[in-house]
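# Close look at the chain arrangement
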Amino acid sequence: MPIVFRAAFSALFASAGLLGPATAGEISDAGKLLAQRLDSFEVEKHWPAGVHINWETGIPTGVPEKTEGKHTHCSAFVASAAKQFGIYILRPPEHGQKLLANAQNEWLATEGLAQGWQRLKGAIDAQSAANLGQLVVASYHNHHDDKPGHIAIVRPSDKSADAIAAEGPDLIQAGEHNYNEVSTKKGFAGHPAAWRDNEIEYYAHNLDSSALQGR
């Protein structure tokens, strides 16, 4: 994470009394609040694969799916979580749920930069940013535009730098399987090139104290 960005973010939360020192292996007070908020979404109970869901709540609508595919909801979950934090990421109705993860990847690299998202250098920076209490997403664009990509949220974790190098940051995600906590390597296993070829991109957005506390 760039030094100026880290310093500005640290000053923001220090003034709110939420931020202690943090590295990739340490979770700040703001990071602990972030973890609690992420847990409260209960992703393993909502956004189930294979059925049509309300993207904001993750609750099945009862509308039958008429198209082929696994109908997973990684991008809907990320969009919902971001909205609950008061952060915008490309979402319905600006883009439908179909192939939304690919579209979010493109949006983050372009319009997202003007809306407070910042591209991070890699996995260590991503885990560090989450541990500081930032909303961090791990994003992958499928090589084929007509096939789904994947996106997930990096959750705070005290895992070591060696563990991050071996399996990536910890994530919370919806997908073919929904996980409240899973390594990046396992979470992106449905897209082998993503982890194998180091094609996962990480973006972070500041969260203020009211967002972290659910106000």
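This is a predicted model, so every value here is computed, not measured.

In this section: the side chain of Ser80. Here Ser80 is to be found in helix H3 (residues 74–84). Assessed through its relative accessible area of 2%, Ser80 is described here as buried. In contact with Ser80, not counting residues within four places along its chain, are Trp47, Trp55 and Glu56.

Given 3.6 residues per turn, any residue in an α-helix points the same way as the ones three and four places further on. Burial within H3 is extensive, with nine of its eleven residues counted as buried. Among the residues of H3, Cys74, Ser75, Ala76, Phe77, Val78, Ala79, Ser80, Ala81 and Ala82 are the ones counted as buried. For H3, the secondary structure elements touched by its buried residues are helix H4 (100–108), strand E2 (135–140), strand E3 (150–154) and strand E4 (170–173).

Here the focus is the pairing of E2. Burial of E2 is extensive: six of the six residues sit out of reach of the surface. Residues Leu135, Val137 and Ser139 of E2 are buried on one face, and the alternating residues Val136, Ala138 and Tyr140, pointing to the opposite face, are buried as well. Of the strand pairs in this sheet, E2 and strand E6 (residues 201–205) are connected by five bridges, and their pairing is antiparallel. Its bridge partner being in E6, Val137 is matched across the sheet by Tyr203. As judged from the five bridges shared by E2 and E3, these two strands associate in the antiparallel manner. Bridging across to E3, Val137 finds its partner in Ile153.

All right, on to the layout of surface pockets then. The rolling of a water-molecule-sized probe over the atoms marks out the regions of remaining empty space. Its boundaries defined by the atoms lining it, the second largest pocket holds a volume of some 240 Å³. Lining of the second largest pocket is provided by 16 residues; of these, Gly122, Ala123, Asn198, Ile200 and Tyr202 occupy positions nearest its centre. Counting residues per element, the ones that place at least two in the lining of the second largest pocket are helix H5 (123–131), helix H6 (161–167), helix H8 (192–196) and E6. No other element matches H6, which puts three residues into the lining of the second largest pocket. Counted by class, the lining of the second largest pocket contains ten nonpolar, two polar and four charged residues.

For the rest of this paragraph, the subject is the packing of H3 against H4. One way to put it is that H3 packs onto H4 with a least axis distance of 8 Å and a crossing angle of 50 degrees. When the axis of H3 is compared with that of H4, the two are oblique. Of H4, the residues touching H3 (which contributes Cys74, Ser75, Ala76 and Ala79) are Leu100, Ala101 and Gln104. In terms of residue class, the contact of H3 with H4 is made up of five nonpolar, two polar and no charged.

Mapped onto the secondary structure, Asn54 falls in the loop between helix H2 (29–40) and H3. Along the sequence, Asn54 and Ser80 sit 26 residues apart, while their C-alpha atoms lie 9.7 Å from each other. In this structure, Asn54 is in contact with Trp47, Ile59 and Thr61, ignoring residues within four places of it in sequence. A distance of 3.2 Å separates a polar atom in the side chain of Asn54 from the backbone nitrogen of Thr57.

Rules behind the numbers
- Residues numbered from 1 in each chain as written.
- Predicted model: local features only at pLDDT ≥ 70, side-chain atom pairs only at ≥ 80, totals over all residues.
- Heavy atoms only, no water.
- Helix = DSSP H or I, 4+ residues; strand = E, 2+ residues; numbered from the N terminus.
- Buried < 20%, exposed > 50% of the residue type's maximum accessible area, 1.4 Å probe, protein only.
- Contact = heavy atoms within 4.5 Å.
- Pairing = 2+ DSSP bridges.
- 1 Å grid on protein atoms, 1.4 Å probe; cavity = no way out; pocket = protein on both sides within 12 Å on 5 of 7 lines; lining within 4 Å.
- Points joined across faces, edges and corners; volume = space filled by probe spheres on them.
- Nonpolar A, V, L, I, M, F, W, Y, C, P; charged D, E, K, R; others polar.
- Axes fitted to C-alpha atoms, helices over the stretch in contact; angles between N-to-C directions.
- Parallel < 35°, antiparallel > 145°, perpendicular 65-115°, else oblique.
- Polar contact = N/O pair within 3.5 Å; in protein donor to acceptor, adjacent residues only side chain to side chain.

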